[in-house]
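Commentary on secondary and tertiary structure
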Amino acid sequence: MKADPQYAPEHLALEAVRRLGPEARAWVERTRAYHPDLSPDGVAEVAIRKFVTRARLSGAISGAAGLPGAVLDMGVLAWTQARMVLHVAAAYGHDPEHADRATDLLVLQRVHKIAETARLALGVAAGRERAGAMLGRSGTPLRKVMLRLGLKLAQMAGVRAAKRLLAKAVPGAAIILGTWANSSATKDLAARSQKLYRQRPAIMPPPATTPEP
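Let us look at the structure shown here. (Residues numbered from 1 in each chain as written. Predicted model: local features only at pLDDT ≥ 70, side-chain atom pairs only at ≥ 80, totals over all residues. Heavy atoms only, no water.)

The helix and strand tally for the protein stands at seven helices and zero strands. Shown N-terminal to C-terminal, the secondary structure of the protein runs as helices and strands in the order α-α-α-α-α-α-α. Looking at the protein residue by residue over its 213 residues, the buried ones come to 46%. (Helix = DSSP H or I, 4+ residues; strand = E, 2+ residues; numbered from the N terminus. Buried < 20%, exposed > 50% of the residue type's maximum accessible area, 1.4 Å probe, protein only.)

Here is the structure:
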């Protein structure tokens, strides 16, 4: 993402589905096995509480670290939120490993307004990744690259205004602001995710089974 900050949200969404999709599926299967009485809403709420707490903690830590920590926190927060969305999708019976989940992430996180533009941007990002277009040095100063990356990830994580990103570095108030900003953005995303996946027909492939000898 640092090498290609323009498409940082798309790279993160693609990687999240690849790395976190199997984790989300396994977690939901375990949760349902231990708590068979839980409804899809119940399973989703367990996941949401888990990841809202993580987002709140990362906000407090980044607040204590000042502006560099705030920029880093945008990436951590976007990754945490992606994990939450994939867990919520699986809770409602949607395959968290399907490529469409990357599209959902970008729309739910309001990086793109509609699925068609999100799919197009994901295709461009994947092409740049395969082509290795980011391997060479761009000549752009690192500070400028990191600021651009931080703002892109802030947009993805729901901290859309640069003032809110910078506010997390205000001495004294940074910990409170960081905790509040992360928690608020993650709760808003959770509500949108539940609304989306609750109203869609569930399409979850059955879990893999080992054939009997």
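Further remarks concern the environment of Ala89. With respect to the helices, strands and loops of the structure, Ala89 is situated in helix H2 (residues 40–91). When the C-alpha positions of Ala89 and Val28 are compared, they lie 9.7 Å apart, and in sequence the two are 61 residues distant.

The next thing to look at is the environment of Thr117. Along the chain, Thr117 turns up in helix H4 (residues 115–131). When its relative accessible area of 36% is taken as the criterion, Thr117 is described as partly exposed. In this structure, the C-alpha to C-alpha distance between Thr117 and Thr103, residues 14 residues apart in sequence, is 9.0 Å.

On to unusual backbone geometry, then. Phi angles above zero are rare outside glycine, and Arg110 is one such case at about 60°. Judged by its relative accessible area of 44%, Arg110 falls in the partly exposed class.

Let us look at the pattern of salt bridges. Scanning the model with the defined rule gives eight salt bridges in all. Residue Asp104 is joined to Arg200 by a salt bridge in which the shortest nitrogen-to-oxygen separation is 3.1 Å. Of this pair, Asp104 sits in helix H3 (residues 100–108) while Arg200 sits in the segment after helix H7 (174–199), and the two are 96 residues apart along the sequence. Here Arg200 falls in the partly exposed class, since its relative accessible area comes to 31%. Salt bridges sharing common partners tie together Glu15, Arg18 and Arg19. (Salt bridge = Lys/Arg side-chain N within 4 Å of Asp/Glu carboxyl O.)

The next point concerns helix H1 (residues 8–34). Residues separated by three or four positions in an α-helix point in the same direction, a consequence of the helix having 3.6 residues per turn. The terminal C-alpha atoms of H1 lie 37 Å apart, and with 27 residues this matches the ideal 39 Å at 1.5 Å per residue to within 8%. Along H1, the sharpest kink reaches roughly 45°, centred on Leu20 and followed within four residues by the proline Pro22. (Expected span 1.5 Å × (residues − 1). Bend = angle between axes of the 7 residues up to and from the residue.)

It is worth spelling out the side chain of Thr103 at this point. Along the chain, Thr103 turns up in helix H3. Non-local contacts of Thr103, meaning those with residues more than four positions away in its chain, are made with Ala115, Ala118, Arg119 and Leu122. (Contact = heavy atoms within 4.5 Å.)

Taken by themselves, the reported measurements are silent on function.
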